[in-house]
Amino acid sequence: MIHTTPDNEAETARNEQVSLESSHRCIHVKPRERDELAKAGAFKRGNKLVIHRYEVHVPKVWRAP
């Protein structure tokens, strides 16, 4: 799953720095980044998900061709 956590949602609501915790197979994202991804259509059915290594630079906002 790609998701935020209740703690991250609370940090965002309080305008605090979001601290992402490790997960067992889930992908944790910051609430505002989740919103950007949703706005860009990243979670639409049929979209391909590509996970990049941390050291690989990817554009901040990626749009499907």
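Starting afresh in each chain, residues are numbered from 1 along the sequence in its written order. For this predicted model, a pLDDT threshold of at least 70 governs which residues receive local features, and a threshold of 80 or more governs which side-chain atom pairs are given and counted, while totals over whole chains, interfaces and linings are taken from all residues. The side-chain quantities take in all heavy atoms of the structure and omit both hydrogens and water.

Draft legend 1. Spatial organisation of the pattern of salt bridges. Each reported salt bridge corresponds to a side-chain nitrogen of Lys or Arg within 4 Å of a carboxyl oxygen of Asp or Glu. Under the counting rule described, the total for this entry stands at three salt bridges. The closest approach of N and O atoms between Glu9 and Arg34, which form a salt bridge, is 2.8 Å. Here the residue Glu9 occupies a position in helix H1 (residues 6–13), and Arg34 occupies one in helix H2 (residues 31–39), the gap between them amounting to 25 residues. Between buried and exposed lies partly exposed: a residue is buried under 20% and exposed over 50% of the maximum accessible area for its type, with that area taken using a 1.4 Å probe on protein chains only. Accessibility expressed as a relative area gives 30% for Glu9, which makes it partly exposed. Helix and strand definitions follow DSSP, with helices as H or I runs of at least four residues and strands as E runs of at least two, each counted in order from the N terminus.

Draft legend 2. Structural context of a nonpolar patch on the surface. Patch construction takes residues with relative accessible area above 30% that form no salt bridge. Like charges are linked within 9 Å, and nonpolar side chains (Val, Leu, Ile, Met, Phe, Trp, Tyr) are linked within 5 Å. Method for areas: the Shrake-Rupley scheme with a 1.4 Å probe, in which residue coverage is limited to the protein chains shown. Judged by side-chain polarity, Ile2, Ile27, Leu37, Phe43, Leu49 and Ile51 come together as a nonpolar surface patch covering roughly 520 Å² of accessible area. Exposure remark for Ile27: the relative accessible area of 31% places this residue in the partly exposed category.

Draft legend 3. Quick peek at H1. Listed in full, the buried residues belonging to H1 are Asn8, Glu11 and Thr12. Looking straight down H1, one finds that the buried residues subtend no more than 100° of arc, so they occupy a single side. Residues of H1 that are exposed and point more than 90 degrees away from the buried face comprise Pro6, Asp7 and Ala13. Contact criterion: two residues are considered in contact whenever any of their non-hydrogen atoms come within 4.5 Å of each other. Along its buried surface, H1 packs onto H2. Just downstream of H1, Asn15 is the residue with a positive phi angle, here 55°. The arc in question is the one traced by the directions running from the helix axis out to the C-beta atoms.

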